[in-house]
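# Remarks on the overall topology
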Amino acid sequence: MAEIVIQRYTADKFQKWNDFVAKKSRNGNFLFDRNYMDYHADRFPDCSFVFYNGEEICAVIPGTLDASGTFSSHAGLTFGGFVVDNSVETMDVKIFFDLLDSELKKLGANRVVYKALPWIYADRPSQEDLYWLFRKNARLRARLISSTIEPKVCQPSSKKKYYLNKGKRIGLEFSESKDFGTFWDLLDSCLQEGHDAHPVHSKAELELLANRFPDHIKLYTVTLNGELLSGSVVYISSQVAHSQYLASSAKGRSLHAMDFLMMNETNAFPEIRWFDWGTSNEEQGRVLNEGLVHQKETYAARGVAYDIYEYDL
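In this report, the structure presented in the accompanying data block is examined. All of these numbers come straight from a predicted model, not from anything done at the bench.

### Let's talk about the overall build of the chain
For the chain, the count of helices and strands is ten helices and 16 strands. Relative to the globule expectation of 20 Å for 313 residues, the C-alpha radius of gyration of the chain, 21 Å, shows essentially globular dimensions. Each of the three principal axes of the chain carries a C-alpha extent, and together these read 65 × 35 × 35 Å. A total of 313 residues make up the chain; the buried ones form 52% of that total. Within the chain, the 42 negative side-chain charges are centred at a point lying 4 Å from the centre of the 36 positive side-chain charges.

### Comments concerning the sheet that holds strand S8 (residues 139-149)
The strands that make up a sheet are held in pairs by hydrogen bonds between backbone atoms, and each pair lies either parallel or antiparallel. Strand order in the open sheet formed by ten strands is S4-S5-S7-S16-S8-S13-S12-S11-S10-S9, and the pairing between neighbours is mixed. At either margin of the open sheet sits one strand with a lone partner, and together these are strand S4 (64-65) and strand S9 (173-177).

### What to know about the pattern of salt bridges
Within this structure, the stated rule accounts for 20 salt bridges. For Arg43, the salt bridge goes to Glu205, with nearest N and O atoms at 2.7 Å. Of this pair, Arg43 sits in the loop between helix H2 (34-37) and strand S2 (49-53) while Glu205 sits in helix H7 (residues 203-212), placing them 162 residues apart in sequence. Since its relative accessible area comes to 42%, Arg43 is described here as partly exposed. The class for Glu205 is buried, based on a relative accessible area of 18%. Between Glu227 and Lys251 there is a salt bridge; the shortest N-O distance is 3.0 Å.

### Here's the deal with the packing of aromatic side chains
Tallied over the entire structure, the rule returns 26 aromatic pairs. With 5.4 Å between their ring centres and 50° between their planes, Phe30 and Phe213 make a pair best called tilted. Linking Phe30 in the loop between helix H1 (14-24) and H2 with Phe213 in the loop between H7 and strand S10 (217-224), this pair joins segments that are 183 residues apart in sequence. Just as Phe30 is buried, Phe213 falls in that class too. Through a chain of ring-to-ring contacts, three or more aromatic side chains come together here, namely Phe51, Phe82, Phe96, Phe97, Tyr114 and Tyr311. In this structure, Arg34 is placed above the aromatic ring of Tyr9, and the distance from its NZ or CZ to the ring centre is 3.7 Å. When the ring centre of Trp17 is taken as origin, the NZ or CZ atom of Arg34, which lies over that ring, is 4.6 Å away.

### Concerning the side chain of Glu150
Structurally, the position occupied by Glu150 is in the loop between S8 and helix H5 (158-170). Since its relative accessible area comes to 19%, Glu150 is described here as buried. Only 3.0 Å separates the side chain of Glu150 from the side chain of Arg273, close enough to count as a polar contact. With residues near it in sequence (within four places) discarded, Glu150 still touches Arg273 and Trp274.

### Quick word on the environment of Cys154
With respect to the helices and strands, the residue Cys154 is situated in the loop between S8 and H5. It is 8.1 Å that separates the C-alpha atoms of Cys154 and Ala301, two residues lying 147 residues apart in sequence. Every residue in contact with Cys154, bar those within four places of it in the chain, is listed here: Ile149 and Ala300.

### Things to note about the packing of helix H3 (residues 90-106) against helix H4 (residues 128-135)
Direction vectors running N to C along H3 and H4 enclose 55°, while the axes themselves pass 9 Å from each other. Here H4 runs oblique to H3, going by the angle between their axes. When the axes of H3 and H4 are compared, the crossing they make is right-handed. Packed against H3, whose contacting residues are Thr90, Met91, Val93, Lys94 and Phe97, the element H4 presents Glu128, Asp129, Tyr131, Trp132 and Leu133 at the interface. Grouping the constituent residues of the contact of H3 with H4 by class yields six nonpolar, one polar and three charged.

### Overview of the nonpolar core
In this structure, Leu31, Phe32, Tyr36, Val60, Ile217, Val233 and Tyr235 are the most contacted members of the largest nonpolar core, which totals 42 residues. Considering each element in turn, this core owes the most residues, seven residues, to helix H6 (residues 180-195). Residue contacts for Phe32: discarding those within four places in its chain leaves Trp17, Asn18, Val21, Asn27, Met37, Pro62, Leu77, Phe79, Gly80, Val83 and Leu117. Ile61, Ala109, Val112 and Ala138 belong to the second largest nonpolar core, which has 26 residues in total.

### Section: H7
Taken together, the buried positions of H7 are Glu205, Leu206, Leu209 and Ala210. The buried residues of H7 occupy an angular sector of 130° when projected down its axis, which confines them to one face. Along H7, the residues that are exposed and aim more than 90 degrees away from the buried face are Ala204 and Asn211.

About the thresholds
- Residues numbered from 1 in each chain as written.
- Predicted model: local features only at pLDDT ≥ 70, side-chain atom pairs only at ≥ 80, totals over all residues.
- Heavy atoms only, no water.
- Helix = DSSP H or I, 4+ residues; strand = E, 2+ residues; numbered from the N terminus.
- Rg over C-alpha atoms; globule rule 2.2 N^0.38 Å.
- Buried < 20%, exposed > 50% of the residue type's maximum accessible area, 1.4 Å probe, protein only.
- Lys, Arg positive; Asp, Glu negative; His and termini not counted.
- Charge placed at Lys NZ, Arg CZ, Asp CG, Glu CD.
- Pairing = 2+ DSSP bridges.
- Salt bridge = Lys/Arg side-chain N within 4 Å of Asp/Glu carboxyl O.
- Phe/Tyr/Trp six-rings, centres within 6.5 Å; stacked < 30°, edge-to-face > 60°.
- Lys NZ or Arg CZ within 6 Å of the ring centre and 35° of its normal.
- Polar contact = N/O pair within 3.5 Å; in protein donor to acceptor, adjacent residues only side chain to side chain.
- Contact = heavy atoms within 4.5 Å.
- Axes fitted to C-alpha atoms, helices over the stretch in contact; angles between N-to-C directions.
- Parallel < 35°, antiparallel > 145°, perpendicular 65-115°, else oblique.
- Left-handed = near helix turned anticlockwise from the far one by under 90°.
- Nonpolar A, V, L, I, M, F, W, Y, C, P; charged D, E, K, R; others polar.
- Core = buried A, V, L, I, M, F, W, Y, C linked by side-chain atoms within 4.5 Å.
- Arc of directions from axis to C-beta.

What follows is the structure, encoded as C-alpha cells:
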C-alpha cells in the first residue's frame, strides 16, 4: 500500500464517503451513510476522518468530538470504528490509529471512545482494530450482550411454534406497513408505561429516516381485523436484520401477538444470514435484564458482544 494520509471529513466529500461505505468497504453499514449520520448533527457535531491510499479512499471513521475532549466513534450511533476496504491489512490499521491519534491531539482531544463493530455485521473478517486496541492497552468500557439467531440453522422452542400456529387460527395477520407514525405512538406509550421513557428517535426522525432509507428501514406489524397489536422496526444491512424497536399493546400481549411477530419476522429476510434482537443490558452491560434475554433465547437466539473501548491520548 502507498503512503496512507488522513483528512478531516468535510461536506465536499459527501458523495465519495457514501460511495465508499456502500460499494467499496468490507464492513460498511447504512448507519455510516451521511444521510443517516447527519440527521442529528445538531446534537452530535461531526468529527469524522477519511484515509487515502494515493487518490483513493481506503478507510473512513465516523466520529464526534465533545467539549470535554472525548472523541467517540460515534456518539450518536450504536457502533462505529474504522470502515475499511479489501486492501487494508493488519499493519495498515496500526497506521490508521497513529494518524487518527495525531490529528485528535491537534484538536485538543484527550480520550478516544471506540465502539467496535460486532463481527456479524462485516462482509469479511475485519477485526484488526481489536488487535491494535489491545496493543494500545485500551480499556474495555462496556460489553453489552445482544441476542442473535441464524434462522436457516436454528429453530425456536416448540412453545413459540405453538403461538405461531395459534395466531394463524385466530386470524392474526403479519405484514409490512408504512405507517411508522401509528407504530411510534404505540411504542411511546409502551415505553412510558414500562420505563417512563421515550424512543431514542422522535416520530418525525423515524419517519424521516424511513423515507431516506426505504430498503434498509422497514416496519412489520401484527394486526387483527385492522387493529395494530404489535410492531417491529427492522434495520437491514447486508448480513444482519436488526430489530431496532419492538412494541405490543395490552390486547396484543394477551393474544401473544409479539410471539407471532417475532416468529414471522425471522423468516422475512431469506437473503440475510443473521437476525439480531438487540441488547438486554443497562449500565454499560453491568446489569442484565434476565427476563428479556431469556425471552429472546426461547427463539433460539444466542449472544453476540457489543464492545466499547476507550484509551487516553
